[in-house]
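So you can see what is in the structure, the chains are spelled out below.
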Amino acid sequence: MQEREKKTEERAINEVVDRLAEKYPGVERPTIEKIVTEEHLEFNGKPVRDFVPVLVEKSAKKRVKALAKA
């Protein structure tokens, strides 16, 4: 992955954390960051990166939502 693409993806992943933290204020931000990082790591080595932030957000949102309900 080229440096510019990497920076774009990192920015998008940080925006996922921001959105989830805003939507689920009852879940601590470090917990959300950990979940998003874990979900993002699932895509390491995958060649097509265009939809990674969207896929990370979808799977992380499920986990954060479950924590918010607990």
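Residues numbered from 1 in each chain as written. Predicted model: local features only at pLDDT ≥ 70, side-chain atom pairs only at ≥ 80, totals over all residues. Heavy atoms only, no water.

Caption draft 1: Representation of a positive patch on the surface in the model. On the surface, a cluster of positive charge is made up of Lys23, Lys61, Lys65 and Lys69. Ranked by residue count, the leading element in the positive patch is helix α3 (residues 52–69), at 3 residues. Here Lys65 is to be found in helix α3. Residue classification places Lys65 among the partly exposed positions, given a relative accessible area of 38%. (Patch = residues over 30% accessible without salt bridge, like charges linked within 9 Å, V, L, I, M, F, W, Y side chains within 5 Å. Areas by Shrake-Rupley, 256 points an atom, 1.4 Å probe, with all protein chains shown as cover. Salt bridge = Lys/Arg side-chain N within 4 Å of Asp/Glu carboxyl O. Lys, Arg positive; Asp, Glu negative; His and termini not counted. Charge placed at Lys NZ, Arg CZ, Asp CG, Glu CD. Helix = DSSP H or I, 4+ residues; strand = E, 2+ residues; numbered from the N terminus. Buried < 20%, exposed > 50% of the residue type's maximum accessible area, 1.4 Å probe, protein only.)

Caption draft 2: A look at the packing of helix α1 (residues 3–23) against helix α2 (residues 29–41). Interaxial distance between α1 and α2 falls to 9 Å at its minimum, and their mutual angle equals 140°. With respect to α2, the axis of α1 lies oblique. For the crossing formed where α1 meets α2, the hand is right-handed. Here α1 contributes Glu9, Ile13, Val16, Val17, Asp18, Leu20 and Ala21 to the contact with α2, which in turn contributes Arg29, Ile32, Glu33, Val36 and His40. Residues of the contact of α1 with α2, tallied by class, amount to 7 nonpolar, 1 polar and 4 charged. (Axes fitted to C-alpha atoms, helices over the stretch in contact; angles between N-to-C directions. Parallel < 35°, antiparallel > 145°, perpendicular 65-115°, else oblique. Left-handed = near helix turned anticlockwise from the far one by under 90°. Contact = heavy atoms within 4.5 Å. Nonpolar A, V, L, I, M, F, W, Y, C, P; charged D, E, K, R; others polar.)

Caption draft 3: Up close: a nonpolar patch on the surface. Residues Phe51, Val54 and Leu55 make up a contiguous nonpolar surface patch of about 310 Å² in total accessible area. One can find Leu55 in helix α3. With a relative accessible area of 40%, Leu55 lands in the partly exposed category.

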